[in-house]
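A look at the structure
So you can see what is in the structure, the chains are spelled out below.
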Amino acid sequence: MSPTPPGTRSPGSMFLFVVTALGLVLLGTLSLAPNGATRMFAWPWWAAWQVSLVLPAVALAAFAVTPTRRERLRWNPWFDGALLAFVVVTLLAAALGPHPGVSLPSTAPTIALAALVWALRLHLASTHAHAHSLPFVVGLAGALFGAVSLALWLFVQLAPYLAHLDRLAALGGGGRFPIQSEAVRNEQPLGHPSYVAGVVLLLLPWCAALAWRDRGRRRVVGIAACTVLVAALLATQSRGVVLGFAAGGIVALLLLARSARWSWKRTTTFALVGLVMLLLAAAATPRIRRLTTDLVATGEVNVGDQQRLSMLRVGVDLGADRWWIGQGPGLVPRLYPEFRHTVDGGVDSALQLHSTPLQLWADTGAPGLALAGLLLALALVAPFRRTLPDGTPPPPAISTAAAVSLATYAGFALTDHQLDVPLVAALVALDLAVLAALLPTRILAPRARYPLAISALVLLAVSALVVAPPWRARAAFARAIDAIEQGTDLAVSDNWIRRATQHAPDDPWLPAGAAAAHLRMLARATDTEPAALHRTAARVHLHRAVEIEPSFEFARFNLGWLLLGESATQARAHFAAAARLVPDRSGVYFGLALAHLEFGDTDRARHALALEVLNDPAAITAPFWDAPFLAPHREPALGRARAIAAVYLQTPATRPAALTSRWRTVDDFLGWWQGDPAAVERFSARLAHAVQSSLEVSPRNWTGLAVLARCLAHPEDVDHLLGLHYLARRHRLPTPEESSTVLRLLATHGDDWRAWLQDPAGREPPFLRTIRNSRPGFPILGRNLDIPVPIDAYVAQDNEILDLFFREVVPARGHLPDPDLVSHVAVAGH
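The rules behind the values
Residues numbered from 1 in each chain as written. Predicted model: local features only at pLDDT ≥ 70, side-chain atom pairs only at ≥ 80, totals over all residues. Heavy atoms only, no water. Helix = DSSP H or I, 4+ residues; strand = E, 2+ residues; numbered from the N terminus. Expected span 1.5 Å × (residues − 1). Buried < 20%, exposed > 50% of the residue type's maximum accessible area, 1.4 Å probe, protein only. Contact = heavy atoms within 4.5 Å. pLDDT = per-residue confidence, 0-100. Disulfide = S-S within 2.5 Å. Salt bridge = Lys/Arg side-chain N within 4 Å of Asp/Glu carboxyl O. Core = buried A, V, L, I, M, F, W, Y, C linked by side-chain atoms within 4.5 Å.

**Here we look at helix 13 (residues 303–321)**
The terminal C-alpha atoms of helix 13 lie 27 Å apart, and with 19 residues this matches the ideal 27 Å at 1.5 Å per residue to within 8%. Of all the positions in helix 13, only Asp 305, Ser 310, Met 311, Val 314, Gly 315, Leu 318 and Gly 319 are classed as buried.

**Some remarks on the environment of Ala 362**
Looking at where Ala 362 falls in the secondary structure, it is placed in helix 15 (residues 356–381). A relative accessible area of 2% places Ala 362 in the buried class. Separated by 47 residues in the primary sequence, Ala 362 and Gly 315 have C-alpha atoms spaced 5.9 Å apart. With residues near it in sequence (within four places) discarded, Ala 362 still touches Gly 315, Leu 318, Gly 319, Gly 326, Gln 327, Gly 328 and Leu 353.

**A closer look at the confidence of the model for the protein chain**
On average, the protein chain scores 86 in pLDDT, and the residues at 70 or more come to 88%. Within the protein chain, helix 15 carries the highest mean pLDDT (97), whereas helix 1 (residues 11–32) carries the lowest (47). This stretch, residues 1–27, has a pLDDT under 50; its non-local contacts, to residues over four places away or in other chains, come to 27 contacts.

**Focus on the state of the cysteines**
If you walk through the whole model with that rule in mind, you get zero disulfides. Distance from the sulfur of Cys 207, which forms no disulfide, to the nearest cysteine sulfur (Cys 226) is 5.4 Å. Residue Cys 207 is classed as buried on the basis of its relative accessible area, which comes to 0%. Note on Cys 226: relative accessible area 16%, which makes it buried.

**Considerations on unusual backbone geometry**
For the peptide bond that leads from Gln 188 to Pro 189, omega is 0°, which places it in the cis range. Position of Pro 189 among the secondary structure elements: in the loop between helix 7 (128–172) and helix 8 (193–213). Note the cis peptide between Pro 765 and Pro 766, where omega equals 5°. Non-glycine residue His 731 carries a positive phi angle of around 60°. Within the secondary structure layout, His 731 lies in the loop between helix 30 (718–730) and helix 31 (736–749). The exposure class of His 731 is partly exposed, given its relative accessible area of 46%. The phi dihedral of Arg 783 falls on the positive side, at around 50°, and the residue is not glycine. Position of Arg 783 among the secondary structure elements: in the loop between helix 33 (778–781) and strand 4 (791–799). The exposure class of Arg 783 is buried, given its relative accessible area of 18%.

**Details of the pattern of salt bridges**
Counted under the stated rule, the structure contains 27 salt bridges. The partner of Arg 585 in a salt bridge is Glu 553, with the nearest N and O atoms 3.1 Å apart. With a gap of 32 residues between them, Arg 585 in the loop between helix 23 (568–581) and helix 24 (588–598) and Glu 553 in helix 22 (residues 553–563) connect regions that are remote in the sequence. We classify Arg 585 as buried; its relative accessible area is 15%.

**Things to note about the nonpolar core**
Grouped together as the largest cluster of nonpolar side chains are 116 residues, with contacts concentrated most on Trp 561, Trp 756 and Phe 806. Here this core gets 10 residues from one element, more than from any other, and that element is helix 20 (residues 509–524). Beyond its immediate chain neighbours, meaning those up to four positions away, Trp 756 contacts Leu 708, Val 742, Leu 745, Leu 746, His 749, Gly 750, Ile 801 and Phe 806. Counting residues in each nonpolar core, the second largest holds 86 residues, with Trp 118, Cys 226, Val 251 and Ala 433 among its members.

Have a look at this one:
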């Protein structure tokens, strides 16, 4: 076969180009679907996502078996060897990990990323025309993405939110309510602001290169793309962008200094100017500024950042536990609870560790992290070469755009992990493919095409094999959930669940998801017989989930509540396990106390109640204390809680001041409730300071306690003040019953705030709230949006007086205030 003339494509090349383009379109479509980055976890989107993960391997295999010009078959031993080794290490980590049945399917994104890099390299090598058209093609894609993101943000998020504030203002008869910036962060069209920021950072350098280097319509496209992308990026309010710009700016500056032959003095001057501009931009970012002010004012980071810090600690421990090969991909949500009790604060579990290096460390250990670092280093060094392997100089716009794009995203990836998001993975693969072409390469001998083709076909076979079983499992599971929610005979749904678990026997989220569906039906059941059927079915599926994964807190916690009154022994064991896994779960120590009381173990029951109060001090006001069998235990439990607090308040000065301060606040609140004079004095001063500080800001930002204080000072404005407070907190006006109750409490108790919380009104309608807590993140953790959002079997009773008016001054519910106490709970199981 005669070689294809330069600048033309053979029919086979055209076919392969179309296959690759279709694969990229499918990847993009999945990402651009509503909430696409998570929507891909739902059936049938999940099946389409899995097919898209195989398409790069299909394209690579087709490229490998198609006759091509000899010069196209080039390879770099270091880059291609590291990429192949990274795929092998990922597969080994999955196969040798604790749960290969879950890990092996989770290797598909890594295989797809590597296959896409190789396929794009082969395709771009067919003719330089492909490479020179890249900035314009990517610029068009950037303009489209930015326009879609910005339009959806304006019309789907911002406009409805502003209209909602206008409605509240109209109801309140005053000015506009303040905009909460967190509520309008741009998450369009990927479903999360960080995903949007990641895609924008990958696209922006390409669009900037197009606007800088080209002329005419190409420059117009580049400028338009940059404009909408920057606007979309600003709307995300992502703090990781600062690290991204820092990393990308360094690479861009070095490349510019090299091409313009700048002196080190001039380069350093530009670097300092860039640093100052970056610091000013960071200071102008509300979320970064708030982080700094909170840290200076309180000595502690906010809840969200505490969660991130906890993820870092848990991620380090996960990797260190198996540093030589890692835990295996896809296992963070499953293994996180086993390490979570070692940190002070944080989420119950996590889909990912919000740091790509940390994620690689946990998933693949030291080998995977080292290989990924080597790939990144080789790619970023490539554009600094003087010539391409064929002796020609590298196209500045393309090499610079790819290098800055990859470097920018690498900096951003320190704060997030997104390589399983199709659009992000495709753009990273494009950068790697472009940069790898700049490295020194060797031309493969003609006979090497056959082992290359065999290797590509093996990679394709592996891709298909790892995605096939979970594909069939998801299809069966989706039908099972449909059967449960439609009220079909339970035997039908059980049959589909059995089929699903046959295809994925190591996945605890399948039986747990079925239990979640039954728990939702149980919460809605009005008749005794259906409720009993759903309760029994939920227990069966939860037991199955615990058999697969003993460290499944959701199953443990709910089994404890479902078994209370029927098997106190089992209930107590499940509650103890749940307390070890998630020590700050509201209700877990209360359930444990009830199980102890069934055995007549009063001392351990009171100790468990003390832990419930320490974990959630507001629980001391809960309506459940009015039950005759619990009322005698309140004061002893409260005394036990203060005794535990006293132990940790008398520890050495090496304890962090913030931790001691938290213990002091908890102890003062409990002592204030008991009437201890010293505690009353300290906590009353805290209340007075809180009221005074709140009254100094806008009335629409007043705390509930400040509103009550203002009502006492200006009784003529009570209706207006209560209306504004309810609109801000409940997005509605108070009912007549609520207003009359508050007026009675104002007249009866005045500013005796302890009497407010001890008044029976907070434990009776309309301020008695009975609720089953939901777990909205549970389906995401299972990577399966067909799982209904679970509703816990625990029926919580809350005092709405506290939540409405005292939430800011009462110690918040959260992780038990001291890691030592958390470890004690985890080991002893109390």
